[in-house]
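Here's the letter readout for the chains.
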Number of protein chains: 2
Amino acid sequence: MKAIVTVMLKVGVLDPQGKAIGHALNSLGFDAVGEVRAGKVIELELTESDPDRARAAAEQMATKLLANPVIESFRVSVDG
Amino acid sequence: MKAIVTVMLKVGVLDPQGKAIGHALNSLGFDAVGEVRAGKVIELELTESDPDRARAAAEQMATKLLANPVIESFRVSVDG
């Protein structure tokens, strides 16, 4: 079972990487781009076959290692 | 309208960051973790209000700037 953890900087935390991407897109001629936020995604292959337990495990991993709770928030999605 | 571009290393391309995360999780006691792949996610705020056109624009941005097509693949999702 696969769990996907997406880690983003919290709203309000300055995101220089996102800003740089936004500027680069604008200078490439993509004018329709407003705010850009950059984050990480981590795909985990889990031996767990129960979706609820897989999600709980992935959330624990995100809390303990994958995200910095001071400045980052995360969301978990699970798929077969 | 928001477009989310997820960029992952292609299958077969070595992913040392993912490997390091996997080892760290294992040593924290998460034994149910198999392969781990790490990637980037970019959330774009677009002024475009048509979902199809927003998706097309985001795909163009990914091809031109956000992903390296030699070693990375990307997927785009669009939401209101």
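To be clear, the structure that these remarks concern was listed above.
The rules behind these values
Residues numbered from 1 in each chain as written. Chains lettered and ligands numbered in written order. Predicted model: local features only at pLDDT ≥ 70, side-chain atom pairs only at ≥ 80, totals over all residues. Heavy atoms only, no water. Salt bridge = Lys/Arg side-chain N within 4 Å of Asp/Glu carboxyl O. Helix = DSSP H or I, 4+ residues; strand = E, 2+ residues; numbered from the N terminus. Buried < 20%, exposed > 50% of the residue type's maximum accessible area, 1.4 Å probe, protein only. Expected span 1.5 Å × (residues − 1). Arc of directions from axis to C-beta.

Asks: Explain the pattern of salt bridges here, please?
Replies: Side chains carrying opposite charge are able to pair once their charged atoms draw close together. Overall, the coordinates contain ten salt bridges over all chains when judged by the stated rule. The residue Glu72 of chain A makes a salt bridge to Lys40 of chain A at a minimum N-O spacing of 3.7 Å. Of this pair, Glu72 of chain A sits in strand β3 (residues 72-79) while Lys40 of chain A sits in strand β2 (residues 33-46), and the two are 32 residues apart along the sequence. For Glu72 of chain A, a relative accessible area of 14% gives the class buried. The salt bridge involving Arg75 of chain A is made with Glu43 of chain B; its shortest N-O contact spans 3.5 Å. One end of the pair, Arg75 of chain A, is in strand β3; the other, Glu43 of chain B, is in strand β2 (residues 33-46), on a second chain. On the basis of relative accessible area, Arg75 of chain A is assigned to the partly exposed category, the value being 40%. When its relative accessible area of 9% is taken as the criterion, Glu43 of chain B is described as buried. Linked by salt bridges that have partners in common, Lys2 and Glu43 of chain A together with Arg75 of chain B make up one network.

Asks: I'm lost on helix α1 (residues 16-27) of chain B in this one. Help?
Replies: Each α-helix turn comprises 3.6 residues. Residues three or four places apart therefore point the same way. Residues and elements named next belong to chain B. In a regular helix each residue adds 1.5 Å, so twelve residues correspond to 16 Å; α1 covers 16 Å between its end C-alpha atoms and thus fits that length. Among the residues making up α1, those that are buried are Gly18, Ile21, Gly22 and Leu25. Projected onto a plane normal to the axis of α1, the buried residues spread over an arc of 100 degrees and lie on a single side. The outward face of α1, more than 90 degrees from its buried face, is lined by the exposed residues Pro16, His23 and Ser27.

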